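Summary of the model geometry
Read off the chains here:
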Amino acid sequence: DSGSNNSANALGIVSSGNTTVRNSWLTGGRRCAVAANELGNRFENCTIVASGINADPEDGIWRSSSGSSNVVLVKNCAIYGFDNAFEPTGFWDEVNSTNNATDTNNIGVNQIAGLVNTDGVDWVSPSTGDYNVQPGGKLDGTGADLSGDFTDDIAGNTRAAPFEVGAYEIAAAGVTFDGPDIVDQTGSENVVFTFDENGEGTVEIGRASCRGGVWGG
């Protein structure tokens, strides 16, 4: 899910507990996300970014100081542009929270520091609102494997271990083959293409097998 709001709080977790915010892109709000201190409340693979039109982006995730202590979990979340990524400090489940990326304070284990929003560094194009993970950046393959709970991202792409950090997984690349330029081929079954090793070109393959240098569809 995605959401934006420039009121005091963009998103709140109800106080009943056992509520998960997952694969979400959130922006805006003085406190962009709010977690009540109840057992089972958690954030997983969220991208939380301060809105440029909010004059006072204080907290990425703000946790109520009332209720149970040290129970809110945060895993594989990327949080950028706030005075504090997590507020207040010292009240989170530091033992089980993991693999979060921020540009300010952080919690849990396997912390990822120095997150930036320059195009082509950690995200593809933040300047145009594209928060897909940049290949080779700090969020690429640095998340914890949560496949026991879920295996997709915000766009429906399948996640692979180790997960990307944030709401978006880098989509698997299509299959290509370097070979000669060929004319379009049609047929019901077993259309065979023979490539010479010095040929160039790209062939998109759906269902195929290779038999001694000959590809059959």
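In what follows, the structure referred to is the one given above.
If you're wondering where the values come from, they're calculated on a predicted model, not measured in any experiment.

Basis of the calculations
- Numbering of residues begins from 1 in every chain and follows the order in which that chain's sequence is written.
- This being a predicted model, a pLDDT of at least 70 is required before a residue's local features are given, and a value of 80 or more before pairs of side-chain atoms are given or counted; all residues contribute to the totals for chains, interfaces and linings.
- Only hydrogens and water are removed before side-chain values are computed, so all heavy atoms of the structure are retained for them.
- In this scheme Phe, Tyr and Trp rings, the latter by its six-membered ring, pair at centre separations within 6.5 Å, and the angle between planes marks the pair as stacked below 30 degrees, edge-to-face above 60, and tilted otherwise.
- Partly exposed residues are those whose accessible area sits between 20% and 50% of the maximum for their type, while under 20% is buried and over 50% is exposed, using a 1.4 Å probe and protein chains only.
- Two conditions define a charge located above a ring, namely a distance within 6 Å from the ring centre to NZ of Lys or CZ of Arg, and an angle within 35 degrees of the ring normal.
- Comment: elements are numbered from the N terminus, with helices defined as DSSP H or I runs of at least four residues and strands as E runs of at least two.
- The disulfide criterion is simple: two cysteine sulfur atoms within 2.5 Å.
- Any two strands between which DSSP finds at least two bridges are classified as paired.
- All axes here are fitted lines through C-alpha atoms, helices being fitted over the stretch that makes contact, and every angle between N-to-C directions spans 0 to 180 degrees.
- Residue types Ala, Val, Leu, Ile, Met, Phe, Trp, Tyr and Cys, when buried and joined through side-chain atoms within 4.5 Å, form a set referred to as a nonpolar core.
- Residue contacts are defined here by distance: any two heavy atoms, one from each residue, within 4.5 Å place the two residues in contact.

A look at the packing of aromatic side chains
- Overall, the coordinates contain five aromatic pairs when judged by the stated rule.
- Between Phe86 and Trp92 the ring centres are 5.3 Å apart and the planes differ by 75 degrees, which places this aromatic pair in the edge-to-face class. As far as the burial class goes, Phe86 and Trp92 line up, both buried.
- Aromatic rings pair up to connect Trp25, Tyr80, Trp123 and Tyr131 into one cluster.
- Positioned above the aromatic ring of Trp62 is the side chain of Arg31, whose terminal nitrogen or guanidinium carbon lies 4.2 Å from the ring centre.

Quick word on unusual backbone geometry
- Of note, the bond from Glu87 into Pro88 is cis; its omega dihedral lies within 30 degrees of zero at -5 degrees.
- Of note, Pro88 is situated in the loop between strand E11 (84-87) and strand E12 (101-102).
- Here the bond from Ala161 into Pro162 is cis, since omega is -5 degrees, no more than 30 degrees from zero.
- Here Pro162 is to be found in the loop between strand E14 (130-133) and strand E15 (192-194).
- Non-glycine residue Asn23 carries a positive phi angle of around 50 degrees.
- Relative to the assigned elements, Asn23 resides in the loop between strand E3 (20-22) and strand E4 (25-27).
- Here Asn45, not a glycine, exhibits a phi torsion of approximately 50 degrees, which is positive.
- For Asn45, a relative accessible area of 0% corresponds to the buried category.

Brief notes about the state of the cysteines
- For the coordinates displayed, the defined rule picks out zero disulfides.
- Not part of a disulfide, Cys46 finds its nearest cysteine sulfur in Cys77, a span of 4.4 Å.
- On the accessibility criterion, Cys46 (0% relative accessible area) is buried.
- The exposure class of Cys77 is buried, given its relative accessible area of 0%.

Describing the sheet that holds E3
- Strand order in the open sheet formed by three strands is E3-E6-E9, with parallel pairing between adjacent strands. One side of each edge strand has no neighbouring strand; the edge strands of this open sheet are E3 and strand E9 (73-75). Strand after strand, the sheet turns through a mean of 10 degrees between neighbouring axes, direction not considered.
- Judged from the three bridges that link them, strand E6 (residues 42-44) and E9 form a sheet pairing that is parallel. Looking at the pairing, Phe43 lines up with Val74 of E9.

Considerations on the nonpolar core
- Within the largest apolar cluster, 20 residues are counted, with the highest numbers of intra-cluster contacts made by Phe43, Ile48, Ile61, Val74, Ile79, Phe86 and Trp92.
- Listing elements by their share of this core, those giving two or more residues are strand E5 (31-37) and E11.
- With three residues, E5 is the single largest residue contributor to this core.
- Non-local contacts of Ile79, meaning those with residues more than four positions away in its chain, are made with Ile48, Gly60, Ile61, Ala85, Phe86, Ala101, Thr102, Asp103 and Leu115.
- In this structure, Tyr80, Ala101, Trp123 and Ala167 belong to the second largest nonpolar core, which totals 14 residues.

By themselves, these observations are geometric and do not establish any function.
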